[in-house]
Amino acid sequence: QENVQVYGIFDIGVASIDAGGKERRNKVDSGLLRTSRLGFKGSEDLGNGLKVNFVLEYRLNVDLNEGIGGNYRSDAAGVQGSTSGPARQQLLGLSGNFGTVAFGRMNTTAFDWAVRYTVLGASAFDVTGNNAMAAGSRINPVGDIRLSNVIAYKSPAFAGFRFDVNYARPIEEAAAGNGRLETAQLGLYYDNGPLSVGAVFDNIDGHGNATLTLSSLAFARGAGFPPGTTVVRYDDLEVKSQNLGVAYDFGVLKAKATYQRDKFMDLSANKIWGVGVEVPVSAKGTVHAVYSASSVNTQKKADSQGFSLAYTHNLSKRTIAYAGLSWQDNERNGTSGIWATAPDAGKDVKMLAAGITHMF
Amino acid sequence: QENVQVYGIFDIGVASIDAGGKERRNKVDSGLLRTSRLGFKGSEDLGNGLKVNFVLEYRLNVDLNEGIGGNYRSDAAGVQGSTSGPARQQLLGLSGNFGTVAFGRMNTTAFDWAVRYTVLGASAFDVTGNNAMAAGSRINPVGDIRLSNVIAYKSPAFAGFRFDVNYARPIEEAAAGNGRLETAQLGLYYDNGPLSVGAVFDNIDGHGNATLTLSSLAFARGAGFPPGTTVVRYDDLEVKSQNLGVAYDFGVLKAKATYQRDKFMDLSANKIWGVGVEVPVSAKGTVHAVYSASSVNTQKKADSQGFSLAYTHNLSKRTIAYAGLSWQDNERNGTSGIWATAPDAGKDVKMLAAGITHMF
Amino acid sequence: QENVQVYGIFDIGVASIDAGGKERRNKVDSGLLRTSRLGFKGSEDLGNGLKVNFVLEYRLNVDLNEGIGGNYRSDAAGVQGSTSGPARQQLLGLSGNFGTVAFGRMNTTAFDWAVRYTVLGASAFDVTGNNAMAAGSRINPVGDIRLSNVIAYKSPAFAGFRFDVNYARPIEEAAAGNGRLETAQLGLYYDNGPLSVGAVFDNIDGHGNATLTLSSLAFARGAGFPPGTTVVRYDDLEVKSQNLGVAYDFGVLKAKATYQRDKFMDLSANKIWGVGVEVPVSAKGTVHAVYSASSVNTQKKADSQGFSLAYTHNLSKRTIAYAGLSWQDNERNGTSGIWATAPDAGKDVKMLAAGITHMF
């Protein structure tokens, strides 16, 4: 009679962050290794090989006085359609021989790609994500790349190949008049024994003759667009993102590499590289190391590089202890931060952190 | 040891709405057939024929980045006591031979009445509800007729007769000084084989010498009261609503009809009619058709009529696929909308929608 | 496979409150005896005597249209770090022979102390809590003494003795510049047969050279500090609270007494006394009586005394019916309220209340 399973992750730790030009921050924190969350899921066999499943998954900020999904906040500009927020996933899926069709709010293939090919992806140690976020990349695991109002399709595998499509419409609408954004993503994956290759193409297009100041658009503020007072027409808004990832399991270690190229309208492209390894050092322990560099060219020039080293120890199948350090070196106007702590332009950021991840 | 059951509905689909004078809206939507929700409920036998039960049920907007209960929002005027909102039900009930007494926030008998006697009631296809909402009726299933701070009583059945009483106090209080509203509802029901008849009398009374501008009152804004700058005393506020419903199961089809009359203070009464059928066309499929008309006389004259045709197909006992169309024809100053998409006065609205309802 | 247990309390009743100088308030209310809540918890044995557990527990306002955790609200001054709020507890604990270490948001030892040594503690009948709240005491069960960003340690018992330490940092930070508060609590407990003694020392210290107006600080507003326009440096902020409690189980009744002394910076100390009894009068029924007095000296002088008498009846192990009365007598400028209903200075408050507590 129980058609729903309650599940989640409780991740809590302590972080000390030194962001150049800012006061050092020592604090209990939520979700340093994996985002804390509470979820409800279930599935039903409809017969004829058809299955329906649902996922309701909400962010938790377990260090704070916040509810399930955290507290509701509009972002700095009062825009609600921010990519991070209370709901991680609210999706219904239909699966069969044809693959899976899903509707709702969900992790896009861009998110899956980032977690798959990035060492320490979607954690506080994710320097590739830090650089991607500062560069305004759409694929930015620290920022939780999810979309609302999505229709998604995941193909079955054909000889190691499979593909994902995500279509979201609208992702942000003009408050008045004719204007909206839509996004389409194509993910291509190839898995063959120890080798895995994945590419994601992510396009955002504006439609309509309404105009907007870029600062009114949550996405544009994070995207390295020219300063916020710039007024553009929805029809002129366009972002193209190409992303390639490779992973190879050598047995003694797993190596992963990523390359991301993001082009905003007619501005010069931004680029982010990442390379990392995961080295099992005992039956329960793994060392993770990752290096990333970025070149931001959309407006003022900014370069950043980051490095993280972390150790994870499986206390059980459900509980992980972790500790690590992370370092972001910002050059010229670089502002890559760590864990939402951004330095003054060109200054470095360093973090020491440790904690526990408990899955339930 | 498990004293609580987690349950809910995940309803997601796609709707295309053309509201006269507005841009067409194509969008993934939540709750087109039944409102998406997540709930927790349980009961305990206290002995001596006494039972206690609780329901905690929260709205979900599964297409959006919102938490359990949706995001918290004050309504347009900053008033929090809006009838729709995060909590569908938060009630504790005590049941015995005497019937049931319940306390908290809950569906009133007005809501039960609307769902019972209206074809496609409380769905996006509910044209009777659309007209009721535009007419400011208290019984408006699209708006989810629930009340907070309720004491309710449901009688047992006597020879097919039973009655419900709901008393809510206060439903909206003056921010300062002496002023509040209270509401009392009486529902009378008669069930005999294929026949069901129900009547609901719903009175709202203001008390106190404080004055208020009607626009400060969530309920008055939706109720077709004269324009918002009108200042009245709480003592002068009064709404009387009479509602009659009939359902008859002919076997080959189920027919339902409703009549609603709402009188606001000393203004002319508004009236809403509805008639519909549910026709089983196969073991798993049902066709639903409903027509509704309204006459709004509180201020400027407005007439509306609406029609919906939908098909539901039970993929299983817990999963329904649906598709349908809905049409609202507004005459004079009519503004009946569909699914929160309101047309310019006197213009029509049309919707095509399809989706899946999964119960868990 | 089920690693999480859903649990909670549904407490709902009716209260009539007469606060001097205000209109009488008759209302359905949530949590009159115990705060309504919904929680998720679980634990895992990690081997070697080590255990991990988590608690996610959120407040419910079951009389209102609010979600899990209630609706998100900044407090009157727009500050988010208020001690009451959506999350009661979000903690991860590690337990072993060494005791328990916990991280997150949680009930502090100050809260445990208040509930342990106060008759009707943390209920609407908690006159000791009313006086503590009006006196600005940190240990104020009606206000739910919890802290975020806590690291806590609970020792094992040594010959009846045990101690708890809570450290929270920062509890409130300057919006800009260098300024924050940290709090440290030490709880000492001795249990020997019918006797229990507990003391809690609670210190709050400010750090940094930023200045603030006291009214910008949620904690200071409730703490009886001088009027809000006072500007102080974080470095000068200091609160010291000493609290002693005793309980003795005589068999025919349980007696409890508390003494609290709170000193804010260099102002005169505030004092709160409480004494009460719990008398089992039948297999299922208990009478509770409590008297409390306070002397507030921080600014204008204010004295208050309060008395409550309540009866609880266990309908089952999980369900309690209750009824009681509460009276606050405010002298000079006293403003002790009942259940968030505060009188005009020096006026009395009286409450009659009854309800049901259902645990699941």
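Residues numbered from 1 in each chain as written. Chains lettered and ligands numbered in written order. Predicted model: local features only at pLDDT ≥ 70, side-chain atom pairs only at ≥ 80, totals over all residues. Heavy atoms only, no water.

1. Remarks on the overall build of chain A
Scanning chain A from terminus to terminus reveals three helices and 19 strands. For 360 residues, the compact-globule estimate of 2.2 N^0.38 gives 21 Å, and chain A sits close to it at 20 Å. Based on the C-alpha atoms only, the size of chain A along its principal axes is roughly 55 × 55 × 45 Å. By the burial criterion, 56% of the 360 residues in chain A qualify as buried. In chain A, 57% of the contacts between residues at least 6 apart in sequence involve partners at least 24 apart. Separation of charge centres in chain A, based on 35 positive and 33 negative side chains, amounts to 3 Å. (Helix = DSSP H or I, 4+ residues; strand = E, 2+ residues; numbered from the N terminus. Rg over C-alpha atoms; globule rule 2.2 N^0.38 Å. Buried < 20%, exposed > 50% of the residue type's maximum accessible area, 1.4 Å probe, protein only. Contact = heavy atoms within 4.5 Å. Lys, Arg positive; Asp, Glu negative; His and termini not counted. Charge placed at Lys NZ, Arg CZ, Asp CG, Glu CD.)

2. Description of the pattern of salt bridges
All names here are of chain C. This structure, assessed with the given rule, holds 51 salt bridges over all chains. Here Lys256 and Glu278 are joined by a salt bridge, their closest N and O atoms 3.1 Å apart. Remark: Glu278 occurs in strand β15 (residues 270–280) and Lys256 occurs in strand β14 (residues 254–264); sequence separation between them is 22 residues. Note on Lys256: relative accessible area 10%, which makes it buried. For Glu278, a relative accessible area of 16% corresponds to the buried category. (Salt bridge = Lys/Arg side-chain N within 4 Å of Asp/Glu carboxyl O.)

3. Comments concerning the relation of the copies chain C and chain B
In screw terms, the move from chain C to chain B is a rotation of 120 degrees and a rise of 0.0 Å along the axis, fitting with an RMSD of 0.0 Å. In short, the pair behaves as if placed about a three-fold rotation axis. Both copies present different contact surfaces, since only 13% of the interface residues of chain C are interface residues in chain B too. (Least-squares fit on C-alpha atoms with pLDDT ≥ 70 in both.)

4. Points about the interface of chain A and chain B
Of the residues lining the interface, 39 residues belong to chain A; the matching set on chain B comes to 30 residues. In total, about 2900 Å² of surface goes out of reach between chain A and chain B, with carbon and sulfur atoms giving 61% of it. Put simply, chain A and chain B have one salt bridge between them. With a closest N to O distance of 4.0 Å, A:Glu44 and B:Arg318 form a salt bridge. Where chain A meets chain B, there are nine residue pairs in polar contact (both at pLDDT 80 or more). (Buried area = accessible area lost by both parts, 1.4 Å probe. Polar contact = N/O pair within 3.5 Å; in protein donor to acceptor, adjacent residues only side chain to side chain.)

5. A word on the layout of surface pockets
Residues and elements named next belong to chain A. The computed volume of the second largest pocket comes to approximately 930 Å³. If you trace the second largest pocket, you find 42 residues lining it, with Arg37, Asn107, Phe111, Asp112 and Val115 closest to the centre. At the level of elements, β4 (50–59), β5 (87–96), β6 (99–107), α1 (109–117), β7 (146–154), β8 (161–173), β16 (285–296) and β17 (302–314) are the ones that each hand at least two residues to the lining of the second largest pocket. (1 Å grid on protein atoms, 1.4 Å probe; cavity = no way out; pocket = protein on both sides within 12 Å on 5 of 7 lines; lining within 4 Å. Points joined across faces, edges and corners; volume = space filled by probe spheres on them.)

6. Digging into helix α2 (residues 127–134) of chain A
Quick reminder: α-helices carry 3.6 residues per turn. Residues three or four places apart thus point the same way. Residue and element names in this part refer to chain A. Of all eight residues making up α2, six are buried, and the element is well covered by its neighbours. On its buried face, α2 sits against β14 (254–264), β15 (270–280), β16, β17 and β18 (319–332). Just beyond α2, the residue with positive phi is Gly136, at close to 75 degrees.

7. As for helix α2 (residues 127–134) of chain B
All names here are of chain B. Along α2, the positions that sit buried rather than exposed are Val127, Thr128, Gly129, Asn130, Asn131 and Ala132. Where the residues of α2 are buried, they touch β14 (254–264), β15 (270–280), β16 (285–296), β17 (302–314) and β18 (319–332). For α2, the N-terminal cap is Asp126; the gap from its side-chain oxygen to the backbone nitrogen of Thr128 is 3.3 Å.

8. Topic: the packing of aromatic side chains
The full count for this structure, using the stated rule, is 27 aromatic pairs over all chains. On the numbers, 4.0 Å between centres and 20 degrees between planes, the contact of B:Phe54 with C:Phe360 is stacked. Here the residue B:Phe54 occupies a position in strand β4 (residues 50–59), and C:Phe360 occupies one in the segment after β19 (349–359), the pair thus bridging two chains. Centre to centre, the rings of B:Phe161 and B:Tyr190 are 4.5 Å apart; their planes meet at 40 degrees, and the pair counts as tilted. With B:Phe161 in strand β8 (residues 161–173) and B:Tyr190 in strand β9 (residues 180–192), the pair connects residues that are 29 residues apart, well separated along the chain. Take B:Phe161: its relative accessible area is 47%, and that puts it in the partly exposed class. The partly exposed category is assigned to B:Tyr190, whose relative accessible area is 22%. Above the face of the B:Phe111 ring, B:Arg146 is positioned so that its terminal group lies 4.9 Å from the ring centre. (Phe/Tyr/Trp six-rings, centres within 6.5 Å; stacked < 30°, edge-to-face > 60°. Lys NZ or Arg CZ within 6 Å of the ring centre and 35° of its normal.)

9. Things to note about the relation of the copies chain A and chain B
When chain A is fitted to chain B, the best match, at an RMSD of 0.0 Å, comes from turning it 120 degrees and sliding it 0.0 Å along the axis. Residue by residue, only 10% of the interface of chain A is reproduced at the interface of chain B, so the copies engage with different surfaces.

10. Remarks on the confidence of the model for chain A
All names here are of chain A. Mean pLDDT over chain A works out to 89, with 91% of the residues at or above the 70 mark. Predicted confidence in chain A is weakest over helix α3 (residues 218–222), with a mean pLDDT of 58, and strongest over strand β19 (residues 349–359), with 98. For the stretch residues 75–83, pLDDT sits under 50, and the model shows 22 contacts to residues farther than four places along the chain or on other chains. (pLDDT = per-residue confidence, 0-100.)

11. Here's the deal with a nonpolar patch on the surface
Residue and element names in this part refer to chain C. A cluster of nonpolar side chains, namely Val275, Tyr291, Phe307, Leu309, Leu325, Trp327 and Leu352, defines an oily patch on the protein surface of about 590 Å² accessible area. Put simply, the parts of the chain that give the nonpolar patch at least two residues each are β17 (302–314) and β18 (319–332). Looking at the secondary structure, you find Trp327 in strand β18. (Patch = residues over 30% accessible without salt bridge, like charges linked within 9 Å, V, L, I, M, F, W, Y side chains within 5 Å. Areas by Shrake-Rupley, 256 points an atom, 1.4 Å probe, with all protein chains shown as cover.)

12. Topic: the nonpolar core
Counting residues in hydrophobic clusters, the biggest one holds 63 residues, and the most contacted among them are A:Phe40, A:Leu56, B:Phe40, B:Leu56, C:Phe40 and C:Leu56. When neighbours within four sequence positions are excluded, C:Leu56 is seen to be in contact with A:Phe10, A:Leu38, A:Leu60, A:Val62, A:Phe360, C:Tyr7, C:Leu38, C:Gly39, C:Phe40, C:Gln89 and C:Gln90. (Core = buried A, V, L, I, M, F, W, Y, C linked by side-chain atoms within 4.5 Å.)

13. Considering the pairing of strand β13 (residues 238–249) of chain C
Residues and elements named next belong to chain C. Pairing analysis gives 11 bridges linking strand β10 (residues 195–207) to β13, with the strands arranged antiparallel. Across the sheet, residue Asp202 finds its bridge partner in β13, namely Ser241. Where β13 lies against β14, 11 bridges are found, and the strand directions are antiparallel. Its bridge partner being in β14, Asp249 is matched across the sheet by Lys254. Taking the residues between adjacent antiparallel strands as the criterion, β13 and β14 are bridged by four residues, where Gly251 takes a positive phi near 90 degrees. (Pairing = 2+ DSSP bridges.)

14. Considerations on the environment of B:Gly49
Residue and element names in this part refer to chain B. Mapped onto the elements of the fold, Gly49 is located in the loop between β3 (37–47) and β4. With relative accessibility at 58%, the residue Gly49 sits in the exposed group. Placed 191 residues apart in sequence, Gly49 and Lys240 show a C-alpha to C-alpha distance of 37 Å. Once you skip the residues sitting within four places of it in the chain, Gly49 turns out to touch Ser95 and Gly96.

15. Considerations on the interface of chain C and chain B
The partner chain B presents 39 residues to the 30 residues of chain C that form the contact. Contact between chain C and chain B buries roughly 2900 Å² in total, counting both sides, with carbon and sulfur atoms accounting for 61%. Sorting the residues of chain C by area buried against chain B places C:Phe10, C:Asn65 and C:Arg318 first, and these three jointly supply 20% of that buried surface. For the pair chain C and chain B, the interface holds one salt bridge. Summed over the shared surface of chain C and chain B, the number is nine residue pairs in polar contact (both at pLDDT 80 or more). Counting residues per element, the side of chain C that touches chain B draws most heavily on strand β1 (residues 5–19) of chain C, at five residues. Classifying every residue of the side of chain C that touches chain B by side-chain character gives 15 nonpolar, nine polar and six charged. (Nonpolar A, V, L, I, M, F, W, Y, C, P; charged D, E, K, R; others polar.)

16. Some thoughts on the environment of B:Ile356
With respect to the element layout, B:Ile356 can be found in strand β19 (residues 349–359). Counting along the chain gives 310 residues from B:Ile356 to B:Leu46, while the straight-line C-alpha distance between them is 39 Å. Sequence-distant contacts of B:Ile356, defined by excluding residues within four places in its chain, comprise A:Leu92, A:Leu94, B:Phe10, B:Asp11, B:Ile12, B:Thr319, B:Ile320 and B:Tyr322.

17. Some remarks on the side chain of A:Arg318
The residue A:Arg318 is located in the loop between β17 and β18 in this model. Judged by its relative accessible area of 17%, A:Arg318 falls in the buried class. Not counting residues within four places of it along the chain, the set of residues in contact with A:Arg318 comprises A:Thr357, A:His358, A:Met359, A:Phe360, C:Asn3, C:Ser43 and C:Glu44.

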